[in-house]
Amino acid sequence: MTRPRADPPAGTAHAIEARGIVKRYGDLLANDHVDLTVARGDIHALLGENGAGKTTLMRVLYGLAVADAGTVAVDGRRVEIRSPRDAIAAGIGMVTQHFSLVGPMSVAENVVLGHTDGFRVDHAAARRRVTEVSERFGVPADPAAIVADLSVGQRQRVEILKALSRDCRVLVLDEPTAVLVPQEVDALFATLDRLRSGGMSVVFISHKLREVMALTDRVTVLRGGRVAGTVATAATDEDALAEMMVGRAALRPARPAGGRAGAPVLIVRGLSAAGRHGLPALREVSFELRAGEIVAVAGVSGNGQTELGEVLSGMRRATAGSARAGDTELADTPPDVVMRAGVGRIPEDRDASVVGEFSVAYNLVLEQLNDFRRGTVLDERRIRARAQELIERFSIKAGPDDRVATLSGGNVQKVLLARVLARDPQVLVVAQPTRGLDVGATQYVRSQLVAQRDRGAGVLLISEDLDEILALADRILVLYEGRVAGEVDGAAADRQRLGLMMAGRAAA
Amino acid sequence: MTRLRWERRAAPPAWLTPALPVLAVAATFALTAVFVVLSGAGPLAAFNELFVQPLTTRFTVLEILVSATPLLLTGTAVAVAFRTGYWNIGAEGQLLAGAIAAAGTGTLVGGLPRPVALLAMGAAGAAAGLGWALLPALLRVRFDIDEVVTTLLLNPVALLLVTGLLNGPWRDPATGFPESERIAASAELPPLLARSRLHLGFVVAVALVAVAWFVTTRTPAGVRLRAVGLSPHAARFAGIDVRRHLLGAALVSGAIAGLAGVSEVAGIQYRLTEGVSPGYGYTGIVVATLGALSLPGVAFGALLLGLVNVGAGTAGRRLGVPSQLGQVVQATLLLVVVALLVLRRYRIVRAGRGARP
Amino acid sequence: MTFLIDLVAATLRNATPLVYGTVGETYAERAGVLNLGIEGTMYAGAFFGFAAAHASGSLTVGLLTAVAVGLAAGALMAFLSVTVGTNQHVAGIGITLLLVGVSEFSNRLVFGGAGTLPKIESYALLSPFGLRALSQYALTYVAFLAVAPLGWWVLARTSLGLNIRAVGENPEAADAAGIDVARTRYLALMIGGALMAIGGAFFTLAALGSFTLGIIAGRGWVCIALVIFGRWRIGRGVLGALLFAAVYALQLRLRILPGWDAVPFELLLALPYLVVIAALALSGRNVDYPGAYLKPYRRA
């Protein structure tokens, strides 16, 4: 690949010049005066951890979100972008992770969809147009192919073609490699390289350092909604970028020391599972979880953590391997058996895991309704009493009869926590337990996890929040592309090293 | 330009639940008044005949109960299935299957004492309804095949089975009419009161509504069924076997619908006829929806539609308004109610500026 | 020979309302809406088309009235399933109950409960080339030579068809491409409603020349089955309609022959339903329902 110039030629207007972008979601400042300048003919990386504000910035650029403050100029002209239509008109094209394609239609139909002129669709002309764009930009595609028959990589090319056929001059790709297999990544990079040679500007959103180093000309690093810096790729290296991405953070958060870990309560051997697209998501993962320890599973989202949590919760079948809790095999077991084996689960998709229309009391006993019977009838008095008790013990801010749908995220999480912890599980499988919670609720949930560890339970903490992991974990497993990329002792871990491992570089 | 759009809300406001029936009835009156006026009657007089007059005489009150009997059963059948998230549109076919079984069994049990005969007929009818519901239910839980179309398409098949039997082997040899042989006297559901068609089937229907209400609200199984209907994912996560509960609800639903067929054959017609059901299975969907899928609601809905049925008959005789007004009012009420129920989950707001995440 | 020619002619005639209904339902379902209002829409098309023709003395007025009723029925289904976003099956059943009720109510009002049915001078048969098999109503010619091919062409080759298929398969993608999802679904449902109503009017304006209660007799449900049988393809749906119509015509003719009267032809008539259910069962999870089938769409 070409080793590019560090600076755009003087005198040319920048392809994109965003100044002082501010976007606030409730209390969260997702973009805090972000500047982004992309030179014509550059591939510009937007790098950052989950939640650093990359996606928000991209949504603002494409009109999927409207900024609270700030300006955007394309090719030196100020533009008002309030919808994707405005963005397309301004020459910005976007390829998101979630493709907007109609499966049973042909590539050509997908490309002209919504942009047909006249009543009759000239399929021959549409196919010629696709072929022409395809050849001009060197993005191979068969215009007559049915999208549903295409691989993920080919579908992504259709999305790129859609943008190109609308005459975009800036192409934004949101973590385009997240859904691709390695060979497809190579093909994508070749495509982007050709586009660059043709003068296209590309914004490449990623958290993978290797890819950023291999492909891009300049890098803007976001951290906590702010720009941590913009550098020429040639003038930096992975270590420096990793540090910009996760911050120096010399002070590691105070960490309650654990006691001695006991016997293994969960033994995972060679566990594999398929993910969303039926592609392998978890590959031969092995580890042990002991009584009285918190083992964290770190990783950037989409590296198999979700699938690991689902398999251990009984919500997804493993394709190979085993996971034993006591005498029970969890790898191919429905949730009720998992629960009976003494495994408590705090799921990632919190709101989908409670029955919103049910009361707090019913949700609290939903896993063990048969224990609350009097004869054949539900013992409402005992259910209420149990709810009262748990509401007090876990400081849930709601009454037993309140519908769970009316509760805040923190209180929903406390309901799930209470339901599980009330049964004193031997193993806790906890996924993203504090995502989206406010500070108070976050503290509370973490203290409960520590208390469980101290009680003697084994806690598997799946989290994308490095601070959380550093604050709680006795041991840390890093997942990368579905494999355990390394294991780090909790006390010895630091953000930089973890950041590198999560980005698929250095092993432990 | 202000544009209106829907916005999801977490909980329906307190005022909405009591306001909904009032709104629904008012809107239905307004929409159907056109038809009343077209037929030359005053809307108030007509609605008086429809909704009030039937409540004033012994005969019409009992007729309301007669008319409500099959609706109590099909309404319960539909409500149980819908609450579990199983969209059984096939209550009509299941009812007909039950009616066929009842008519068949009813002719065979002549020598048996009445309780035995009735139990045999009830069991046969429930089993037939269950059997008619079995295939779509299995297809749904085994292969994820949408049950709306499969249950619906079995309705005309059941009707063809009825006409096939009545035009063929079961045709009344004496009269040549397409009617089956009269069932044995011991198989008839006995009348409850003198000078009325009200029969034991009504008591059975009310009892079944009560049992269904008890099971769905007071037992672990009922709570699980509701959890499956409200949130299959959350139910599965909590260790509930979603497929088993779907299958169970579908089959129970079919069995109850089958009993509606038994009730009509053994309590009203005493034989199988082509007109054994003027669409009670479909009306069951109306009843269940009007009752917001709750069983007290089903009881209310069945009685309300029974009232409208009887009222439409009298309105026809006294005011010259075609009695089909009853059907129009029922369907309008259904559509108004489903439209209004959406207000529980969404509110209408002026479109704000800019997109939201 | 005469028997065969009669059979072909009867098949084409019997298939005509099914073609209208099947094409109409295909439009609704390709846009992502299962329209169970079809039975009622055909019924109302039959009645109101007849009533208008009777009152005006003009078959054209009757046909246009049926179209108007169909458009209104489609718009009502769209209002409930698209704008309000209710359960499509409950809304559809409700519309069928409503339209059957309104038709029968109006029938009583206009024609009374009289024993003798009013008749109109219905469409005459066209007999090109003097061929008996082709001796058909104009509406039959329109069904096979215009509605089916044009219906296919619009879906496959026009931007309207492209938009309809897109909103039925992936409304999010359609929305992202700038297509007005709600407007497209309204259009598809209204076009479909109009076709269904013409299918119903075929009975009263052409085949029978009068209206009787229960005139549609479940043919709307047959169309639901045919749409799935045809896997949402118009060509295959029309083929299914011809098959069903042939079976229907055959059993009518066999029934009157001595020795055949004991045969349960109802079994034959139940075949299209059973075939569809069997096809669904055999293809299992692989049935390509339109992607957004039964799902209302609201922007997230």
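Not measured: the values here are computed from a predicted model. (Residues numbered from 1 in each chain as written. Chains lettered and ligands numbered in written order. Predicted model: local features only at pLDDT ≥ 70, side-chain atom pairs only at ≥ 80, totals over all residues.)

A. Representation of the overall build of chain A within the structure. Check the secondary structure of chain A and you find 16 helices and 22 strands. The C-alpha radius of gyration computed for chain A amounts to 25 Å, which stays within 12% of the reference 23 Å derived for 508 residues, consistent with globular compactness. Oriented by its inertia axes, the alpha-carbon framework of chain A measures out at about 75 × 55 × 45 Å. Considering chain A as a whole, with its 508 residues, one finds that 51% of them fall into the buried category. Considering only intrachain contacts with a sequence separation of at least 6, the fraction spanning at least 24 residues in chain A is 67%. (Helix = DSSP H or I, 4+ residues; strand = E, 2+ residues; numbered from the N terminus. Rg over C-alpha atoms; globule rule 2.2 N^0.38 Å. Buried ≥ 20, exposed ≤ 12 C-beta atoms within 10 Å, placed from the backbone. Contact = placed C-beta atoms within 7 Å.)

B. Focus on the overall build of chain B. Broken down by element type, chain B carries 13 helices and 2 strands. Taken over the C-alpha trace, chain B has a radius of gyration of 22 Å; the compact-globule value for 357 residues is 21 Å, and the two agree within 12%. Each principal axis of the C-alpha atoms in chain B carries an extent, and together these give about 75 × 60 × 35 Å. Counting all 357 residues of chain B, 55% fall into the buried class. The long-range fraction of contacts in chain B, counting pairs at least 24 apart against all pairs at least 6 apart in sequence, stands at 77%.

C. Representation of the pairing of strand 4 (residues 69–74) of chain A within the structure. Residues and elements named next belong to chain A. Sheet topology places strand 1 (residues 16–25) next to strand 4; 5 bridges connect them, and they run antiparallel. Looking at the pairing, R19 lines up with T71 of strand 4. Here strand 4 runs beside strand 5 (residues 77–79); their pairing, made up of 3 bridges, is antiparallel. Counterpart to V74 in the pairing with strand 5 is R77. Here strand 4 folds back onto strand 5 in antiparallel fashion, the turn holding 2 residues, of which D75 has a positive phi close to 50°. (Pairing = 2+ DSSP bridges.)

D. Representation of the interface of chain B and chain A within the structure. Between chain B and chain A, the contact holds 19 residues from the first and 29 residues from the second. With 5 residues, helix 8 (residues 220–230) of chain B is the largest single contributor of residues to the side of chain B that touches chain A. For the side of chain B that touches chain A, the class distribution of residues is 11 nonpolar, 5 polar and 3 charged. (Nonpolar A, V, L, I, M, F, W, Y, C, P; charged D, E, K, R; others polar.)

E. Geometry of the packing of helix 3 (residues 58–83) of chain B against helix 11 (residues 280–290) of chain B. Residue and element names in this part refer to chain B. For the pair helix 3 and helix 11, interaxial distance at closest approach is 7 Å and the crossing angle is 65°. Here helix 3 runs over helix 11; the crossing is right-handed. For the pair formed by helix 3 and helix 11, the contact residues are P70, L71, T74, G75, A77, V78, A79 and F82 on the first element and Y280, G281, T283, G284, I285, V287 and A288 on the second. Here the contact of helix 3 with helix 11 is built from residues that sort into 10 nonpolar, 5 polar and no charged. (Axes fitted to C-alpha atoms, helices over the stretch in contact; angles between N-to-C directions. Left-handed = near helix turned anticlockwise from the far one by under 90°.)

F. Focus on the nonpolar core. Judged by nonpolar contacts, the single largest core of 392 residues is most densely connected at L61, I92, L460 and L461 of chain A together with L153 of chain B. A per-element tally of this core places helix 8 (residues 181–207) of chain C first, with 17 residues. Beyond its immediate chain neighbours, meaning those up to four positions away, L153 of chain B contacts W221, I224, A225, Y273, V276 and I277 of chain C. (Core = buried A, V, L, I, M, F, W, Y, C linked by C-beta atoms within 7 Å.)

G. View of the sheet that holds strand 7 (residues 170–174) of chain A. Residue and element names in this part refer to chain A. What the 6 strands build is an open sheet, ordered 6-7-8-3-9-10; its pairing is mixed. Strands with a single pairing partner mark the edges of an open sheet, and in this sheet they are strand 6 (92–95) and strand 10 (226–232). This sheet shows a mean twist of 20° between the axes of neighbouring strands, independent of strand direction. The pairing of strand 6 with strand 7 spans 4 bridges and is classified as parallel. Bridged to M94 within strand 7 is V172. Lying over the sheet, helix 6 (residues 182–197) contacts strand 3 (43–47), strand 7 and strand 8 (201–206), oriented at roughly 150° with respect to strand 8. Seen against the sheet, helix 8 (residues 238–246) touches strand 3, strand 9 (218–223) and strand 10 and runs at an angle of roughly 30° to strand 9.

H. Molecular detail of the interface of chain C and chain B. Taken together, the contact between chain C and chain B spans 39 residues of the former and 40 residues of the latter. Those elements that place two or more of their residues in the side of chain C that touches chain B are helix 3 (59–84), helix 4 (88–111), helix 9 (219–229) and helix 11 (265–283) of chain C. The biggest single contributor to the side of chain C that touches chain B is helix 4 of chain C, with 13 residues. Looking at the side of chain C that touches chain B residue by residue, the classes come out as 26 nonpolar, 8 polar and 5 charged.

I. Geometry of the domain arrangement of chain A. Residue and element names in this part refer to chain A. Split by domain assignment, chain A resolves into domain 1 (16–98 + 169–246), domain 2 (259–342 + 425–508) and domain 3 (353–423). The gap between the C-alpha centroids of domain 1 and domain 2 is 31 Å. Facing the 12 residues of domain 1 at the interface are 13 residues of domain 2. Every element with two or more residues in the side of domain 1 that touches domain 2 is listed here: helix 7 (209–215) and helix 8. No other element matches the 5 residues that helix 8 contributes to the side of domain 1 that touches domain 2. Here the residues of the side of domain 1 that touches domain 2 are counted per class, giving 6 nonpolar, 2 polar and 4 charged. (Domains from an automatic or database assignment.)

J. Geometry of the packing of helix 2 (residues 38–56) of chain C against helix 8 of chain C. All names here are of chain C. Packing of helix 2 against helix 8 brings their axes to within 7 Å, and their N-to-C directions diverge by 55°. Considering their axes alone, helix 2 and helix 8 lie oblique with respect to each other. In this structure, the crossing between helix 2 and helix 8 has a hand that is right-handed. For the pair formed by helix 2 and helix 8, the contact residues are I38, T41, M42, Y43, A44, G45, A46, G49, F50 and A53 on the first element and G193, M196, A197, I198, G199, G200, A201, F203, T204 and L205 on the second. Looking at side-chain class alone, the contact of helix 2 with helix 8 contains 13 nonpolar, 7 polar and no charged residues. (Parallel < 35°, antiparallel > 145°, perpendicular 65-115°, else oblique.)

K. Quick peek at the confidence of the model for chain A. Model confidence for chain A is summarised by a mean pLDDT of 88, while 94% of its residues fall at 70 or above. Between residues 1–11 of chain A, whose pLDDT stays under 50, and residues either more than four places distant or in other chains, the model counts 10 contacts. (pLDDT = per-residue confidence, 0-100.)

L. Here's a closer look at helix 7 (residues 200–218) of chain B. Residues and elements named next belong to chain B. An ideal rise of 1.5 Å per residue puts 27 Å on 19 residues; helix 7 measures up with 26 Å between its terminal C-alpha atoms. For helix 7, the full list of buried residues reads G201, F202, V204, A205, V209, A212 and T216. Here the buried residues of helix 7 occupy an arc of 160° about the axis, which is enough to place them on one side. As for helix 7, its buried residues are in contact with helix 3, helix 8, helix 10 (242–269) and helix 12 (295–319). (Expected span 1.5 Å × (residues − 1). Arc of directions from axis to C-beta.)

M. Structural context of the sheet that holds strand 2 (residues 28–38) of chain A. Residue and element names in this part refer to chain A. Within the open sheet, the 4 strands sit side by side as 2-1-4-5. Their pairing is antiparallel. On the outer flanks of this sheet lie strand 2 and strand 5, each paired with one strand and no other. Within the sheet, the average angular offset between the axes of one strand and its neighbour, ignoring direction, is 30°. The strands that helix 1 (residues 54–61) touches are strand 1, strand 2 and strand 4; relative to strand 2, the one it contacts most, it runs at about 65°.

N. Up close: the environment of A91 of chain C. Along the polypeptide, A91 of chain C turns up in helix 4. The buried category is assigned to A91 of chain C, around which 27 C-beta atoms lie within 10 Å. Sequence spacing of A91 of chain C and M77 of chain C is 14 residues, and the spatial spacing of their C-alpha atoms is 6.9 Å. Setting aside residues no more than four positions away along its own chain, A91 of chain C makes contact with L335 and V338 of chain B together with M77, L80, S81 and T86 of chain C.

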